[in-house]
Amino acid sequence: MIGVSETGSITEEYPRIGPCLLGPISEETTYRRAASVAHALATSRECDLLVSAEAEVADTADNPDSLPESHRDGHCSQTSPVETELSLDPVVSQHKPSALVIERDAKQHLIGELFSDCAERLSSKTDVLTVDGRGTTDRIASILVPIAGGHHSQLAVETAVAVARANDAAVDLFHVIESDDDESHDRGKTVLNSALATISEEDAERVDTWLYEASDATEAITEQSSYYDLTVMGAPTVGPLERFVFGSTTKHVQREADSPVIVAHAKDSE
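Residues numbered from 1 in each chain as written. Predicted model: local features only at pLDDT ≥ 70, side-chain atom pairs only at ≥ 80, totals over all residues. Heavy atoms only, no water.

> Describe the nonpolar core, with residues and values.
If you look at the biggest cluster of nonpolar residues, it comprises 43 residues, and the most contacted ones within it are L22, I143, V145 and L173. Both domains that meet at this core, namely domain 1 (20–131) and domain 2 (142–262), each give it at least three residues. Apart from residues lying up to four places away in sequence, L173 is in contact with V145, I147, V157, L192, A195, L196, I199, V207, D208, T209 and W210. Judged by nonpolar contacts, the second largest core, of 13 residues, contains L144, A214, Y228 and V261. (Core = buried A, V, L, I, M, F, W, Y, C linked by side-chain atoms within 4.5 Å. Buried < 20%, exposed > 50% of the residue type's maximum accessible area, 1.4 Å probe, protein only. Domains from an automatic or database assignment. Contact = heavy atoms within 4.5 Å.)

Written as structure tokens, this is what we have:
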């Protein structure tokens, strides 16, 4: 598998194996979005989809209407319910999923960022995607993917492309530069081209790249996200203490964006 290093260069990675796991989610809009993301990724990775039996709405195995209409003709190898109890840690250890889709911890405030959340903890074992309940789960036509070239960018791109394929949507890979000079342009194009190189030729037809000049990348991403049906971005690359002191683009966009945001936590490299 081709990947993108933190410097924007192409790297080789081992292919991910194992099913996709949809964790317990109680809120209906969030569940429908999480189900569609998990289904799209499982279809893309050609693996089984395991759905938490603790979800308070019907799972995709018994009720295909819980998936948006655009996903119902899609196919992943198998969809099965799974007991997840109160903690996801033993379930992840048992089933060894290639990816886990869970609800964002909306109760976490600024002070809470001093501590690692569930997604960060579980990303030591698997890829983790967090979703929220903003907006609707109607058909998605446009997806924004802010690219900074960090560790989590490849998973964000992979997820966005999988969701776009299921919805016949367009994807914009978005990179912010601070100044309109040749050096900044060249560096930005390198980051975008490296991310673009991870996408198949067939999927690349629905993907565009966008260099955007702005003095504040965080505000630029938050503003532009409102013009898209969905934003998919990589998780913070710094630890909780650094985020608390210096702030985090991803956390800010999660808090302030009007449209739904998916955050990709790529599995920690061993």
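> A description of the environment of G133 should follow, citing residues and the corresponding values.
Following the sequence through the fold, G133 ends up in the loop between strand 7 (127–131) and strand 8 (142–146). Overall, the relative accessible area of 33% leaves G133 in the partly exposed class. In this structure, G133 is in contact with E27, T29, T30 and R33, ignoring residues within four places of it in sequence. (Helix = DSSP H or I, 4+ residues; strand = E, 2+ residues; numbered from the N terminus.)

> Which residues make up the sheet that holds strand 4 (residues 49–52), and what are the values?
Pairing within the open sheet is mixed, and its ten strands lie in the order 5-4-3-6-7-12-11-8-9-10. Each of the sheet's edge strands pairs with one partner strand only, and the pair in question is strand 5 (79–82) and strand 10 (207–213). Strand-to-strand twist across the sheet, computed as the mean angle between neighbouring axes with direction ignored, equals 25°. Of the pairings in the sheet, the one linking strand 4 to strand 5 comprises four bridges and is parallel in character. (Pairing = 2+ DSSP bridges. Axes fitted to C-alpha atoms, helices over the stretch in contact; angles between N-to-C directions.)

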